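Below are the chains, spelled out letter by letter.
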Amino acid sequence: GLKKKEVNVLCLGLDNSGKTTIINQLKPSNQSLFGPLSDDWKHVSQVKTQTQDIVPTIGFNIEKFKSSSLSFTVFDMSGQSRYRNLWEHYYKESHAIIFVIDSGDKLRMVVAKEELDTLLNHQDICSRRLPVLFFANKSDLREAMSLVKVSQLLCLENIKDKPWHICASNAVKGEGLLEGVDWLQEQIA
Ligand code: GTP
Ligand code: MG
């Protein structure tokens, strides 16, 4: 068939926000999110959908998955403060950004905003019209802030020179992820 367009996506956000959990849900063994899996793959899917074995990322991981029209290479970066200086090395080669927020982490929302502002003001990002997809993740937590509240705290309405979109998500269950990926796909295609 036709070769899918290759895109690099950088997945950013504070540690513990759920980046790796999100990417795991989108990976080939979990492509059930993109349509029914054949029986051959169901056992693998069940093994891989378990989220308990996800550990904090050291440095970063590279993952690949496909949507209907695109072939994604995702740089799943560590959000720990000691690794955040790695992020900028991948800005130039990225075609889109996924920025993940823990909607339940009120205390660190200012830190998330600082990191977002630093990102958006970076010389390799600020002049480019690359799409930014936000996941207000962990929407299942009782203390989770609403999508509107998260948007306000991050001042997303101030982003005028880039297409952006925010989705509420529950990465453990895989909820809200496809809406986001569909939007990203439309922006890039
Ligand atoms: P770093 O690699 O350290 O930057 O963290 P990360 O952003 O990759 O977070 P990770 O995916 O490792 O998830 C951190 C914890 O949050 C794990 O225990 C996940 O199971 C949990 N988690 C992720 N998404 C959700 C969610 O939507 N709801 C709930 N309740 N927990 C979640
Ligand atoms: Mg991780």
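Report follows, based on the coordinates. Only a predicted model underlies this, so the values are computations on that prediction, with no experimental measurement involved.

## Observations concerning the coordination of the magnesium ion (ligand 2)
Octahedral six-donor coordination of a metal ideally yields angles of 90 or 180 degrees, compared with 109.5 degrees for tetrahedral four-donor coordination.
1) Next: At 2.0 Å from the magnesium ion (ligand 2) lie its protein donor atoms, namely Thr20 (OG1) and Thr57 (OG1). Here Thr57 lies in the loop between helix 2 (39–49) and strand 2 (60–66) and Thr20 lies in helix 1 (residues 19–26), a separation of 37 residues in the sequence.
2) Next: We classify Thr20 as buried; its relative accessible area is 16%.
3) Next: Look at Thr57 and you get buried, because its relative accessible area is 9%.

## Points about the site of ligand 1
1) Next: In the region of ligand 1, 20 residues are neighbours, and Lys19, Thr21, Thr57, Gly79 and Asp140 sit closest.
2) Next: In this structure, an oxygen atom belonging to ligand 1 sits 2.9 Å away from a main-chain N or O atom of Gly18.
3) Next: With respect to ligand 1, the side chain of Lys19 contributes an N or O atom lying 2.7 Å from an oxygen atom.
4) Next: Alone, ligand 1 offers 660 Å² of accessible surface; in the complex the protein occludes 84% of this.
5) Next: Of the pockets mapped on this structure, ligand 1 occupies the largest pocket.
6) Next: In terms of residue count, the dominant contributor to the shell around ligand 1 is helix 1 (3 residues).
7) Next: Its residues assigned to classes, the shell around ligand 1 comprises 6 nonpolar, 10 polar and 4 charged.

## Details of the layout of surface pockets
1) Next: Considering only enclosed or pocket space, the largest pocket measures out at about 440 Å³ in volume.
2) Next: What lines the largest pocket is a set of 24 residues, and nearest its centre among them are Asn16, Ser17, Gly18, Thr21 and Ile54.
3) Next: Here the lining of the largest pocket gets 3 residues from one element, more than from any other, and that element is helix 1.
4) Next: Looking at the lining of the largest pocket residue by residue, the class counts come to 7 nonpolar, 13 polar and 4 charged.
5) Next: Taken together, Lys113, Leu116, Asp117, Leu120, Asn121, Leu154, Cys155, Asn158, Ile159, Lys160, Asp161 and Lys162 make up the full set of residues lining the second largest pocket.
6) Next: Broken down by class, the residue content of the lining of the second largest pocket amounts to 5 nonpolar, 2 polar and 5 charged.

## A few points about the pairing of strand 6 (residues 164–168)
Sheet faces and side chains relate simply in a regular strand, where the side chains alternate between the two faces.
1) Next: The pairing of strand 5 (residues 132–137) with strand 6 spans 5 bridges and is parallel. Looking across to strand 6, one finds that Leu133 is bridged to His165.
2) Next: Read as a crossover between parallel neighbours, the route from strand 5 over helix 4 (residues 147–153) to strand 6 is right-handed.

## Focus: the nonpolar core
1) Next: If you look at the biggest cluster of nonpolar residues, it comprises 27 residues, and the most contacted ones within it are Leu12 and Phe134.
2) Next: Listing elements by their share of this core, those giving two or more residues are strand 1 (5–12), strand 3 (70–77), strand 4 (96–102), helix 3 (109–121) and strand 5.
3) Next: In terms of residues, this core owes the most to one element, helix 3, which gives 5 residues.
4) Next: If we skip the residues at most four places from it in the chain, Leu12 touches Lys19, Met77, Trp87, Tyr91, Ile97, Ile98, Phe99, Val100 and Leu119.

## Things to note about the sheet that holds strand 3
1) Next: One open sheet accounts for 6 strands, arranged 2-3-1-4-5-6; its pairing is mixed. Two strands in the sheet have a free side with no partner beyond their single neighbour: strand 2 and strand 6. This sheet shows a mean twist of 20 degrees between the axes of neighbouring strands, independent of strand direction.
2) Next: Inspection of the sheet shows strand 1 paired to strand 3 by 7 bridges, in the parallel sense. When the bridges of strand 3 are listed, Lys5 appears paired with Leu70.
3) Next: Helix-sheet contacts for helix 1 involve strand 1, strand 2, strand 3, strand 4 and strand 5, and the interaxial angle to strand 3 is about 155 degrees.
4) Next: Its contacts with the sheet place helix 5 (residues 177–188) against strand 1, strand 3, strand 4, strand 5 and strand 6, and it is angled at close to 175 degrees to strand 5.

## Digging into helix 3
Residues separated by three or four positions in an α-helix point in the same direction, a consequence of the helix having 3.6 residues per turn.
1) Next: Along its 13 residues, helix 3 runs 18 Å from first to last C-alpha, staying within 8% of the 18 Å computed at 1.5 Å per residue.
2) Next: Listed in full, the buried residues belonging to helix 3 are Met109, Ala112, Glu115, Leu116, Leu119 and Leu120. Along the axis of helix 3, the buried positions cluster into a sector of 135 degrees, meaning they face one direction only. Turned more than 90 degrees off the buried face of helix 3, the exposed positions are Val110, Glu114, Thr118 and Asn121.
3) Next: Along its buried surface, helix 3 packs onto strand 1, strand 4, strand 5 and helix 4.

Rules and cut-offs
- Residues numbered from 1 in each chain as written.
- Chains lettered and ligands numbered in written order.
- Predicted model: local features only at pLDDT ≥ 70, side-chain atom pairs only at ≥ 80, totals over all residues.
- Heavy atoms only, no water.
- Donors = N, O, S within 2.8 Å, 3.2 Å for Na, K, Ca; no water.
- Helix = DSSP H or I, 4+ residues; strand = E, 2+ residues; numbered from the N terminus.
- Buried < 20%, exposed > 50% of the residue type's maximum accessible area, 1.4 Å probe, protein only.
- Near = heavy atom within 4 Å.
- Polar contact = N/O pair within 3.5 Å; in protein donor to acceptor, adjacent residues only side chain to side chain.
- Areas by Shrake-Rupley, 256 points an atom, 1.4 Å probe, with all protein chains shown as cover.
- 1 Å grid on protein atoms, 1.4 Å probe; cavity = no way out; pocket = protein on both sides within 12 Å on 5 of 7 lines; lining within 4 Å.
- Sits in = over half its atoms within 2 Å of the grid points.
- Nonpolar A, V, L, I, M, F, W, Y, C, P; charged D, E, K, R; others polar.
- Points joined across faces, edges and corners; volume = space filled by probe spheres on them.
- Pairing = 2+ DSSP bridges.
- Right-handed = clockwise from strand over helix to strand, strands pointing away.
- Core = buried A, V, L, I, M, F, W, Y, C linked by side-chain atoms within 4.5 Å.
- Contact = heavy atoms within 4.5 Å.
- Axes fitted to C-alpha atoms, helices over the stretch in contact; angles between N-to-C directions.
- Expected span 1.5 Å × (residues − 1).
- Arc of directions from axis to C-beta.

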